[in-house]
Amino acid sequence: MATTDPRVDAYIAKSAEFAQPILAHIRNLVHDACPEVVETMKWSFPHFDYKGMMCSMASFKQHSAMGFWKWQLMSASKGAKADEAMGSFGRITSLADLPPDKTLRALVKEAMKLNETGAKTPRPEPKPRPKLVVPEYLRAALGKNKAAKKAFDRFSDSSKKEYVEWITEAKTEATRERRLLTAIEWIAEGKTRNWKYANC
């Protein structure tokens with residue numbers, strides 16, 4: 001049996017006048033297609049759960065949105081245009097912007113099956129980290145101090161980056177030179193940029 005949430009009633013009532021019939025229609029259609037759906041509020045807007053998160057709807061100042069949690073795996077997502085609005089159907093400003101009821105019901109059924117089978121949305125490929133660029137003047141200074149070069153080469157990328165940023169962000173040439181000398185001294189001793197706070 002469907003579970004309703006009074007917070008969803010309140011959300012619809014507080015929404016812009018144009019959005020109220022859209023949200024009510026989506027809500028009724030989801031309940032009709034999935035009688036066991038459970039309403040809830042997540043991230044301050046209505047969600048419909050069935051064996052996990054299934055779909056959601058939201059209202060904004062000038063448009064509404066509806067989205068399926070596993071949209072990437074759904075047949076209707078193939079070839080669909082990316083939209084700047086959240087959700088699966090872009091900006092919804094009237095009932096005419098929604099897919100036909102029959103299509104929407106079929107999508108809810110498809111989303112239900114995905115949750116029933118435990119299908120997982122693929123995680124996006126992690127973006128490769130940009131390669132750390134060590135300025136020529138720092139490389140030259142390290143080249144003149146064997147201990148510093150050896151220690152710097154052993155540092156993690158994040159420790160190297162801290163030194164590079166500290167030196168390159170200096171506002172004046174004099175400050176940069178001072179930081180460069182200090183950095184070489186600390187690096188030669190195997191100290192990371194924030195070594196003073198390491199044991200705090």
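Up top is the structure.
First, a word on scope: everything that follows refers to the structure included in this document. This one's a predicted model, so the numbers in the text were calculated from it and none came from an experiment. (Residues numbered from 1 in each chain as written. Predicted model: local features only at pLDDT ≥ 70, side-chain atom pairs only at ≥ 80, totals over all residues. Heavy atoms only, no water.)

1. Details of the packing of helix H6 (residues 157-168) against helix H7 (residues 173-188)
As a packed pair, H6 and H7 sit with axes 8 Å apart at the nearest point and diverge in direction by 160°. Between H6 and H7, the angle is such that the two are roughly antiparallel. In this structure, H6 uses Tyr-163, Trp-166 and Ile-167 to contact H7, whose residues at the interface are Arg-176, Arg-179, Leu-180, Thr-182, Ala-183, Trp-186 and Ile-187. Looking at side-chain class alone, the contact of H6 with H7 contains seven nonpolar, one polar and two charged residues. (Axes fitted to C-alpha atoms, helices over the stretch in contact; angles between N-to-C directions. Helix = DSSP H or I, 4+ residues; strand = E, 2+ residues; numbered from the N terminus. Parallel < 35°, antiparallel > 145°, perpendicular 65-115°, else oblique. Contact = heavy atoms within 4.5 Å. Nonpolar A, V, L, I, M, F, W, Y, C, P; charged D, E, K, R; others polar.)

2. Description of H7
Compared with the 22 Å implied by 1.5 Å per residue over 16 residues, the 22 Å span of H7 between its first and last C-alpha is a close match. Taken together, the buried positions of H7 are occupied by Thr-175, Leu-180, Ala-183, Ile-184, Trp-186 and Ile-187. Summarising the axial view, the buried residues of H7 lie within an arc of 165°, below the 170-degree limit, and thus occupy one face. Facing away from the buried side of H7, by more than 90 degrees, are the exposed residues Arg-178 and Leu-181. Lining the buried residues of H7 we find helix H4 (136-143), helix H5 (146-154) and H6. Backbone geometry just downstream of H7 places Gly-190 in the positive-phi region, at approximately 80°. (Expected span 1.5 Å × (residues − 1). Buried < 20%, exposed > 50% of the residue type's maximum accessible area, 1.4 Å probe, protein only. Arc of directions from axis to C-beta.)

3. Considerations on the pattern of salt bridges
In total, this model carries eleven salt bridges according to the counting rule given. Residue Lys-42 pairs with Asp-49 through a salt bridge whose shortest N-O separation is 2.7 Å. As a salt-bridge pair, Lys-149 and Asp-153 come within 2.9 Å of each other at their nearest N and O atoms. With Lys-149 and Asp-153 both in helix H5 and four residues apart, this pair spans about one turn of that helix. Salt bridges linked by common partners bring Asp-9, Arg-27 and Glu-39 together as one network. (Salt bridge = Lys/Arg side-chain N within 4 Å of Asp/Glu carboxyl O.)

4. Brief notes about the packing of aromatic side chains
Between two aromatic rings, the relevant description is the distance of the centres plus the angle of the planes. Applying the stated rule across the entire model yields eight aromatic pairs. Aromatic pair Trp-71 and Phe-89: ring centres 5.5 Å apart, planes at 70°, arrangement edge-to-face. With Trp-71 in the loop between strand S4 (64-68) and helix H3 (101-116) and Phe-89 in the loop between S4 and H3, the pair connects residues that are 18 residues apart, well separated along the chain. Ring pairs connect the aromatic residues Phe-68, Trp-71 and Phe-89, which therefore count as one cluster. Geometry around Tyr-137 places Arg-176 over its ring, the cationic atom sitting 3.8 Å from the centre. Here the basic side chain of Lys-191 rests over the ring of Trp-195, its NZ or CZ set 3.8 Å away from the ring centre. (Phe/Tyr/Trp six-rings, centres within 6.5 Å; stacked < 30°, edge-to-face > 60°. Lys NZ or Arg CZ within 6 Å of the ring centre and 35° of its normal.)

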